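If you want the building blocks of each chain, they are given just below.
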Amino acid sequence: MVINDKIAATHQALGEFVVIFQWVENLYRQIGWFILDPERKCWPPIKLRRETNSQLIDIVTNMFVNLTQTYAFTNGDEKAKDILELRDHFHKLRQYRNRLLHSTYIELTGGGEVHRYIRSNPEVGVDPETGELIFDQEDFTAEVIYAKIREYDDYILRLGFLHVQLIHWSPFSRHGTKFII
């Protein structure tokens with residue numbers, strides 16, 4: 001692959017990552033909106049539009065778990081466990097996204113051409129055991145980005161299935177409420 005093609009591929013991969021991340025964020029919002037108003041009586045929804053990504057993940061996860069604790073869905077406990085697990089994964093994806101978008105990028109050039117990039121997080125950590133500085137740096141290539149996207153394929157699919165599950169549960173009241181002792 002020609003050097004300029006590798007750089008273009010890296011830029012394209014970064015754009016694809018951002019689009020996928022925003023799609024996941026919107027899926028969380030769609031899940032929350034469905035829980036709030038499954039019949040879409042008040043559309044378009046006003047709520048869940050101003051939260052940070054971190055807040056949105058937590059709020060929607062809690063809404064979903066509360067829903068499964070309220071109604072006697074046959075697989076509610078399993079689905080609640082799933083969304084709780086996904087919350088942790090998507091918080092890690094959010095942190096990765098923040099590192100990507102808030103890092104400094106160093107161009108390695110030679111012969112007047114950019115040969116590659118290095119991503120460098122400007123925040124420096126300290127190893128608590130040794131006191132040594134920890135630098136968050138990596139080669140920044142399309143392959144690195146696509147590897148991260150592939151790492152989340154299953155989690156994104158599972159989140160989509162939870163959205164579909166909500167649709168199948170609706171109307172929620174037909175399942176009856178759980179008895180709280």
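Criteria and cut-off values
- For every chain, the first residue of the written sequence is number 1, and numbering continues from 1 along that sequence.
- Only residues with pLDDT of at least 70 get local features here, since the model is predicted, and only at 80 or more are side-chain atom pairs given and counted; chain-wide, interface and lining totals rely on the full set of residues.
- Just so you know, side-chain values use all the structure's heavy atoms and leave hydrogens and water out.
- Comment: elements are numbered from the N terminus, with helices defined as DSSP H or I runs of at least four residues and strands as E runs of at least two.
- Any helix carries an expected span of 1.5 Å times its number of residues minus one.
- Accessible area is worked out with a 1.4 Å probe on protein chains only. A residue is then buried under 20% of its type maximum, exposed over 50%, and partly exposed in between.
- Centre distance within 6.5 Å is the pairing criterion for rings of Phe, Tyr and Trp, where only the six-membered ring of Trp is used; planes under 30 degrees apart are then read as stacked, over 60 as edge-to-face, and the remainder as tilted.
- The definition of a nonpolar core used throughout is a set of buried Ala, Val, Leu, Ile, Met, Phe, Trp, Tyr and Cys residues joined through side-chain atoms within 4.5 Å.
- Every residue pair with non-hydrogen atoms within 4.5 Å of one another is taken to be in contact.
- What counts as a salt bridge is simple: a side-chain nitrogen of Lys or Arg found within 4 Å of a carboxyl oxygen of Asp or Glu.

Comments concerning helix α2 (residues 53–70)
One turn of an α-helix holds 3.6 residues; hence residues three or four places apart share an orientation. With 18 residues, α2 extends 26 Å between its outermost C-alpha atoms, agreeing within 8% with the 26 Å of an ideal straight helix rising 1.5 Å per residue. Looking only at α2, the buried set comprises N53, L56, I57, V60, T61, M63, F64, V65, L67 and T68.

Considerations on the packing of aromatic side chains
Under the criterion given, the structure shown has 13 aromatic pairs. Pairing F17 with Y96 gives two aromatic rings, centres 5.6 Å apart and planes at 75 degrees, and the pair type is edge-to-face. Within this pair, whereas F17 is found in helix α1 (residues 3–36), its partner Y96 is found in helix α3 (residues 76–102), the two being separated by 79 residues in sequence. F17 sits in the buried class, given a relative accessible area of 3%.

Examining the nonpolar core
Ranked by size, the top nonpolar core spans 42 residues in total, and within it Y28, F90 and L166 carry the most contacts. Every element with two or more residues in this core is listed here: α1, α2, α3, β2 (113–120), α4 (142–151) and α5 (153–169). Once you skip the residues sitting within four places of it in the chain, Y28 turns out to touch L56, I57, V60, T61, L86, R87, F90 and L159.

Details of the pattern of salt bridges
As enumerated under the stated definition, the model contains 13 salt bridges in all. Here R158 ties to D82 by a salt bridge, and the two come within 2.4 Å at their closest N and O atoms. Here the residue R158 occupies a position in helix α5, and D82 occupies one in helix α3, the gap between them amounting to 76 residues. Taking relative accessible area as the criterion, D82 reaches 15% and is therefore assigned buried.

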